[in-house]
Amino acid sequence: MVKSALALLLSVSMVMPTSSAGLQPGWRFAPPPGITITQSKPRHALAMQANMAVHPMYLRQVVQYPTHESSGTLVVDTGAHFLYFVLGDGRALRYGIGVAKSGFEWRGTHRVSRKAEWPGWTPPAEMLKRRPDLPRHMEGGPDNPLGARALYLGSTLYRIHGTTEPWSIGQNVSSGCIRMTNADVIDLYGRVKLNSKVVVL
């Protein structure tokens, strides 16, 4: 008796939301209200980034970071794939980064000599020798390899910049530049001043 009453109650509870709300069969498997599924391709590489996973350890966060460097300094730890924006009081804002692949590593101290939004890209002669298929120049935009922002380091050819390949964060992939997700480089760009010190370890 109790079992049959319980079964009846369950069957009624399963039917009532559908009939009362006027939902269509299979509603539990449909997209949530306001969400539309599309089969079309993204208009550009930047549109794909919402679907790309970055390991949680590389997500932007404030961490304990004892250092003698003054606030506003950037410290790039290439071995750990982290960039630290020193806040002071033993803390820093930490970002995940992609760094130089084997044979392209470098170390040193420089200053931020230029900042650019949606920078254009002119591959250096050395890169064109290795990759003659590359364009001689590419205007800034969502498909540009430099991404949304770039911080130029002194008179070097190296930059801290965004990327159209967010899955490369945490890897050794570049020809010397420091890669960040576009969301992170936009955040960093707003914090960093011209002539800020950059220490690459």
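Remember, predicted model here, so these are calculated numbers, not experimental data. Within each chain, residues carry numbers counting from 1 in the order of the written sequence. For this predicted model, a pLDDT threshold of at least 70 governs which residues receive local features, and a threshold of 80 or more governs which side-chain atom pairs are given and counted, while totals over whole chains, interfaces and linings are taken from all residues. Values reported for side chains reflect all heavy atoms of the structure, with hydrogen atoms and water molecules removed beforehand.

1. Here we look at the side chain of Asn 144
Next up, step 1: Put simply, DSSP marks the helices as runs of H or I at least four residues long and the strands as runs of E at least two long, and each gets a number from the N terminus on. Relative to the elements of secondary structure, Asn 144 occurs in the loop between helix H2 (125-130) and strand E7 (149-153).
Next up, step 2: According to the relative accessible area criterion, Asn 144 is buried, its value standing at 1%.
Next up, step 3: Throughout this description, a polar contact denotes any pair of N or O atoms lying within 3.5 Å of each other; where both atoms belong to protein, one of them has to be capable of donating a hydrogen while the other can accept it, and for residues adjacent in sequence the pair is counted only when both atoms sit in side chains. Polar contacts involving the side chain of Asn 144 include one to the main-chain amide nitrogen of Leu 146, which spans 2.9 Å. Between buried and exposed lies partly exposed: a residue is buried under 20% and exposed over 50% of the maximum accessible area for its type, with that area taken using a 1.4 Å probe on protein chains only.

2. Section: the pairing of strand E11 (residues 197-200)
Next up, step 1: Two elements, strand E2 (residues 74-77) and E11, share 3 bridges in a ladder whose sense is parallel. Across the sheet, the residue bridging to Val 76 is Val 200, located in E11. The rule for pairing is simple: two strands pair if DSSP sees at least two bridges between them.

3. Some points on the environment of Glu 105
Next up, step 1: Structurally, Glu 105 can be placed in the loop between strand E5 (99-100) and strand E6 (108-117).
Next up, step 2: Separated by 69 residues in the primary sequence, Glu 105 and Ser 174 place their C-alpha atoms 9.2 Å from one another.

4. A look at the sheet that holds strand E10 (residues 178-179)
Next up, step 1: One open sheet holds the 9 strands; their spatial order is E1-E4-E3-E2-E11-E6-E7-E8-E10, and the pairing between them is mixed. Sheet topology places strand E1 (61-64) and E10 at the edges, where each strand pairs with a single neighbour.
Next up, step 2: Along the sheet, helix H3 (residues 182-191) makes contact with E2, strand E3 (82-88), strand E4 (91-96), E6, E7 and strand E8 (159-161), crossing E4 at roughly 145°. Two residues qualify as a contact provided that any one of their heavy atoms is within 4.5 Å of a heavy atom in the partner residue. Working convention: axes come from line fits to C-alpha atoms, limited for helices to the stretch in contact. Angles between N-to-C directions cover 0 to 180 degrees.

5. Concerning the packing of aromatic side chains
Next up, step 1: Centres within 6.5 Å make a pair out of two Phe, Tyr or Trp rings, where for Trp the six-membered ring is used; the pair is then stacked when the planes are under 30 degrees apart, edge-to-face when over 60, and tilted otherwise. One pass over the structure, following the stated rule, counts 4 aromatic pairs.
Next up, step 2: Both rings, one in Tyr 58 and one in Phe 82, keep their centres 5.7 Å apart while their planes meet at 50°; by these two values the pair is tilted. Of this pair, Tyr 58 sits in the loop between helix H1 (2-21) and E1 while Phe 82 sits in strand E3, and the two are 24 residues apart along the sequence.
Next up, step 3: Measuring from centroid to centroid gives 4.5 Å for Trp 106 and Tyr 158, while their planes differ by 10°, and the two rings are stacked. Of the two residues, Trp 106 sits in the loop between E5 and E6 while Tyr 158 sits in the loop between E7 and E8, which places them 52 residues apart along the sequence.
Next up, step 4: Among the aromatic residues, ring-to-ring pairing joins Tyr 58, Tyr 65, Phe 82 and Tyr 84 into one connected group.
Next up, step 5: Both a distance and an angle decide whether a charge sits over a ring: NZ of Lys or CZ of Arg must be within 6 Å of the ring centre and within 35 degrees of the ring normal. A cation over an aromatic ring shows up here: Arg 114 above the ring of Tyr 152, its NZ or CZ 4.4 Å from the ring centre.

6. Focus: the nonpolar core
Next up, step 1: Of all hydrophobic cores here, the largest spans 21 residues; its most connected members are Leu 74, Leu 83, Leu 151, Ile 160, Met 180, Leu 188 and Val 198.
Next up, step 2: Listed by contribution, the elements that provide at least two residues to this core are E2, E3, E4, E7, H3 and E11.
Next up, step 3: Counting residues per element, this core draws most heavily on H3, which supplies 3 residues.
Next up, step 4: Ignoring sequence-local partners within four residues, the contact set of Leu 151 consists of Leu 74, Val 112, Arg 114, Lys 115, Tyr 158, Arg 159, Ile 160, Leu 188, Tyr 189 and Val 192.
Next up, step 5: Residue types Ala, Val, Leu, Ile, Met, Phe, Trp, Tyr and Cys, when buried and joined through side-chain atoms within 4.5 Å, form a set referred to as a nonpolar core. Tyr 58, Phe 82, Tyr 84 and Ile 169 belong to the second largest nonpolar core, which has 9 residues in total.

7. As for the pattern of salt bridges
Next up, step 1: When a carboxyl oxygen of Asp or Glu is within 4 Å of a side-chain nitrogen of Lys or Arg, the pair counts as a salt bridge. For the coordinates displayed, the defined rule picks out 6 salt bridges.
Next up, step 2: Between Lys 197 and Glu 69 there is a salt bridge, and its shortest N-O distance comes to 3.0 Å. Placement of the pair is Lys 197 in strand E11 and Glu 69 in the loop between E1 and E2, with a sequence separation of 128 residues.
Next up, step 3: Note that Arg 191 and Asp 187 form a salt bridge whose closest N and O atoms lie 2.8 Å from each other. Of this pair, Arg 191 and Asp 187 both sit in helix H3, 4 residues apart, roughly one helical turn.
Next up, step 4: Shared partners join several salt bridges into a network, and the residues in it are Arg 60, Asp 184, Asp 187 and Arg 191.

Nothing here speaks to function; it is geometry throughout.
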